[in-house]
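# Geometric and topological summary
Given next are the chains, with one letter for each unit.
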Amino acid sequence: QVQLVESGGGLVQPGGSLRLSCAASGSRFSIYTMGWYRQAPGKQRELVADISAGGSTNYADSVQGRFTISRDNAKNTVSLQMNSLKPEDTAVYYCNAYWAARRYWGQGTQVTVSS
């Protein structure tokens, strides 16, 4: 079992930055692929970025070059640095842990980009 708790969401103006963090409890954090997903009202949940146990990263085209995912296995945390935010980035952002067909979700944190 893995419990995930997100933090760092909020309201930001277009062009601004936010940093999301996800704290994981449970054992063997380092073996999980960790990811950030988002879901906007009326839309399906979509992958934003993920990072493998080995540190390989993958980004949605819409955030490539603006967002950076990172992990700290010593602290059991994964972060998402979001720069140059756009109104279309507004969504609930969810932390996700995946390994061997086991998938765990956090409760989500709201990010709103608006002037």
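What comes next concerns the included structure. (Residues numbered from 1 in each chain as written. Predicted model: local features only at pLDDT ≥ 70, side-chain atom pairs only at ≥ 80, totals over all residues. Heavy atoms only, no water.)

## Considerations on the state of the cysteines
Enumeration according to the criterion identifies one disulfide in this entry. In this model, Cys 22 is linked to Cys 95 through a disulfide, with the two sulfur atoms separated by 2.1 Å. With the S-S bond torsion at -85°, the cross-link from Cys 22 to Cys 95 turns out left-handed. One end of the pair, Cys 22, is in strand β3 (residues 18–25); the other, Cys 95, is in strand β9 (residues 91–99), with 73 residues separating them in the sequence. For the pair Cys 22 and Cys 95, one class covers both residues: buried. (Disulfide = S-S within 2.5 Å. Helix = DSSP H or I, 4+ residues; strand = E, 2+ residues; numbered from the N terminus. Buried < 20%, exposed > 50% of the residue type's maximum accessible area, 1.4 Å probe, protein only.)

## Description of the side chain of Arg 38
By the element assignment, Arg 38 lies in strand β4 (residues 33–39). Polar contacts involving the side chain of Arg 38 include one to the side chain of Glu 46, which spans 2.8 Å. A polar contact of 2.9 Å, which involves the side chain of Arg 38, links it to the side chain of Asp 89. Every residue in contact with Arg 38, bar those within four places of it in the chain, is listed here: Gln 44, Arg 45, Glu 46, Val 48, Ser 62, Val 63, Phe 67, Glu 88, Asp 89, Ala 91, Val 92 and Tyr 93. (Polar contact = N/O pair within 3.5 Å; in protein donor to acceptor, adjacent residues only side chain to side chain. Contact = heavy atoms within 4.5 Å.)

## A few points about the pattern of salt bridges
A side chain with one charge may pair with a side chain of the opposite charge, provided their charged atoms come close. With the rule as written, the count across this model stands at three salt bridges. Of the charged contacts in the structure, one is a salt bridge between Asp 89 and Arg 38, with a shortest N-O distance of 2.9 Å. Of this pair, Asp 89 sits in the loop between β8 (77–82) and β9 while Arg 38 sits in strand β4, and the two are 51 residues apart along the sequence. The same class applies to Asp 89 and to Arg 38, which are both buried. As a salt-bridge pair, Arg 66 and Asp 89 come within 2.8 Å of each other at their nearest N and O atoms. Highlighted residues: Arg 66 in the loop between β6 (57–59) and β7 (67–72) and Asp 89 in the loop between β8 and β9, separated in sequence by 23 residues. Here the two residues Arg 66 and Asp 89 agree in accessibility, since each one is buried. One continuous salt-bridge network, built from bridges that share partners, spans Arg 38, Glu 46, Arg 66 and Asp 89. (Salt bridge = Lys/Arg side-chain N within 4 Å of Asp/Glu carboxyl O.)

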